[in-house]
Amino acid sequence: MDDTNPTNPTTAEAKHYDLVLFGATGFTGSLVADYLAEHAPPTARWALAGRSETKLRTVRERLAATHPHLEELPLLTADATDPAALRELAGNTRVVISTVGPYLRHGEPLVAACAEGGCDYVDLTGEPEFVDAMFLKHHARALQTGARLVHACGFDAIPTDLGVLYTMRQLGPQTGPVRVRSFIRAHASVSGGTLTTVLLAMSRPAAAARAAKARRAAQPPPEGKTVGTLTGPPRHDAVAHAWIAPLPAIDVQIVLRSAAALPEYGPDFRYGHFAAVRRLPVALAALLGIGALAVAARIKPLRGALSTIVKPGAGPDAQRRAESWFTLRLHAETDAGRSVITEVSGGDPGYGDTAKMLAESALCLAFDDLPAAAGQLTTATAMGEALIERLTRAGIAFRTLTEMPTRAPGPPAPQRRA
């Protein structure tokens, strides 16, 4: 891969910027700016964007203090509620990075502008309703203009999406049923923006269900493909070496969309996403906590009170981020008797490595030789192996732990169709 040779020179010449970071003054946006300052190729034409020029100047001054060549880094003033300004931004840019959440509140105008302007787009959303709504409203136009709209390019849901892709490639081409379970362990803190986003998403279960239903009707799996989820009660798992419980996260939908689109996943693919903890009381307490949070999020006064626990724009300091980590273990099994265990691991999942994943996703779209694609895509379908290679070089580990024959099959796990 060559960071200095865009895949479409004509498009590159027609656009003024290779990358624009929208939301550069926020907590996560500033971390992405730091990463780009350190890792964007010298020839990259990139800019910072947001609604406050004063705050953008502050970010640029901070970057230029250690990277003097960024003293004249372009600053673009645009508000998330100004469609005209966003259309101009997208029209002049090859790839836009958005860190402006909650995306349900602030995200659609920029997605619409990118779909209309043929501009690639990446974000950090973990909001299934937003992703489904953007598919229904803007996927068709993005197909026409060639825009690649790639959501969930952070901890939600790159480790799982690319981890499953990596695992399937270790497993080899499949012609029969495949079952993949992933077990996530993490030690991390939460920012104010993340907490606000989670509470908003939890407060809208009916709207999320309607969007998901409409998405399934508009985008059924291809003929000859079956995809679905693996569930089950909390239990101890020998592969995870921990107590596990199903984890309701956008990762499941993302993985199943990749599975429906990519031939190497086979004709019958099932996926389960689980939280893993060492002790049963911790698992039970976590389940109760998630349930209580979901209930509280639907009561407006309680939701407002919870959102003040961590102020928007605030997040863990550098020392706390340095102490954070994540490990995702994946176990793939086939009816033909194959079994593979892999692992994806890294540092601070919520912010440090999320900023790394988001920035590398944008750099991958801007500069790597990728298969032709357009519309709303997943990281696996848009970037796949190229992004795995980038993240590996950046310090996120993808490795195969073991490969072994599968035991005699037992009773099937409870399933439901995607």
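Provided above is the structure to which this section pertains.
Residues numbered from 1 in each chain as written. Predicted model: local features only at pLDDT ≥ 70, side-chain atom pairs only at ≥ 80, totals over all residues. Heavy atoms only, no water.

Just to check I follow, could you spell out the overall build of the chain for this structure?
Broken down by element type, the chain carries 17 helices and 16 strands. Relative to its 418 residues, the chain shows a buried fraction of 51%. For the chain, the proportion of contacts with a sequence separation of at least 24, taken over those separated by at least 6, is 81%. Within the structure as shown, the chain displays about 18,400 Å² of accessible surface, and the carbon and sulfur contribution to it stands at 56%. (Helix = DSSP H or I, 4+ residues; strand = E, 2+ residues; numbered from the N terminus. Buried < 20%, exposed > 50% of the residue type's maximum accessible area, 1.4 Å probe, protein only. Contact = heavy atoms within 4.5 Å. Areas by Shrake-Rupley, 256 points an atom, 1.4 Å probe, with all protein chains shown as cover.)

Just to check I follow, could you spell out the packing of aromatic side chains for this structure?
Between two aromatic rings, the relevant description is the distance of the centres plus the angle of the planes. Counted under the stated rule, the structure contains 6 aromatic pairs. Judged by centre distance (5.3 Å) and plane angle (75 degrees), the rings of Phe27 and Tyr351 are edge-to-face. Within this pair, whereas Phe27 is found in helix α2 (residues 27-39), its partner Tyr351 is found in the loop between β13 (338-346) and α15 (352-367), the two being separated by 324 residues in sequence. Judged by relative accessible area, which is 18%, Phe27 ranks as buried. For Tyr351, a relative accessible area of 2% puts it in the buried group. Measuring from ring centre to ring centre gives 5.6 Å for Tyr103 and Phe130, while their planes differ by 40 degrees; the resulting arrangement is tilted. Taken as a pair, Tyr103 in helix α5 (residues 103-106) and Phe130 in helix α7 (residues 128-145) lie far apart in primary sequence, 27 residues in all. Residue Tyr103 shares its accessibility class with Phe130, and that shared class is buried. The aromatic ring of Phe135 is capped on one face by Arg215, whose charged end is 4.0 Å from the ring centroid. (Phe/Tyr/Trp six-rings, centres within 6.5 Å; stacked < 30°, edge-to-face > 60°. Lys NZ or Arg CZ within 6 Å of the ring centre and 35° of its normal.)

Could you clarify how one ought to interpret unusual backbone geometry in this entry?
Negative phi characterises most residues that are not glycine, and trans characterises most peptide bonds. Pro102 follows Gly101 through a cis peptide bond whose omega is -5 degrees. Along the chain, Pro102 falls in the loop between β4 (93-98) and α5. The amide bond that connects Asp156 to the next residue, Ala157, takes the cis arrangement and shows omega of 5 degrees. With respect to the helices and strands, Ala157 occurs in the loop between β6 (148-150) and α8 (158-171). The backbone of Ala152 shows a phi angle near 60 degrees, a positive value even though the residue is not glycine.

Even after reading the chapter, I still don't get the sheet that holds strand β1 (residues 17-22), so can you show me in this structure?
Whenever strands of a sheet pair, they do so through backbone hydrogen bonds, lying parallel or antiparallel. The strand order across the open sheet formed by 7 strands is β3-β2-β1-β4-β5-β6-β14, and the pairing between neighbours is parallel. One side of each edge strand has no neighbouring strand; the edge strands of this open sheet are β3 (75-77) and β14 (375-377). Taken pair by pair, the neighbouring strands of this sheet meet at an average axis angle of 20 degrees, ignoring direction. The sheet contact formed by β1 and β4 spans 5 bridges and is parallel. Note that in β4 the partner of Val20 across the bridge is Val96. On top of the sheet, helix α4 (residues 83-91) reaches β1, β2 (46-50) and β4; it is set at about 125 degrees to β4, its chief contact. Docked against the sheet, α15 engages β1, β4, β5 (120-123) and β6, running at close to 170 degrees with respect to β4. (Pairing = 2+ DSSP bridges. Axes fitted to C-alpha atoms, helices over the stretch in contact; angles between N-to-C directions.)

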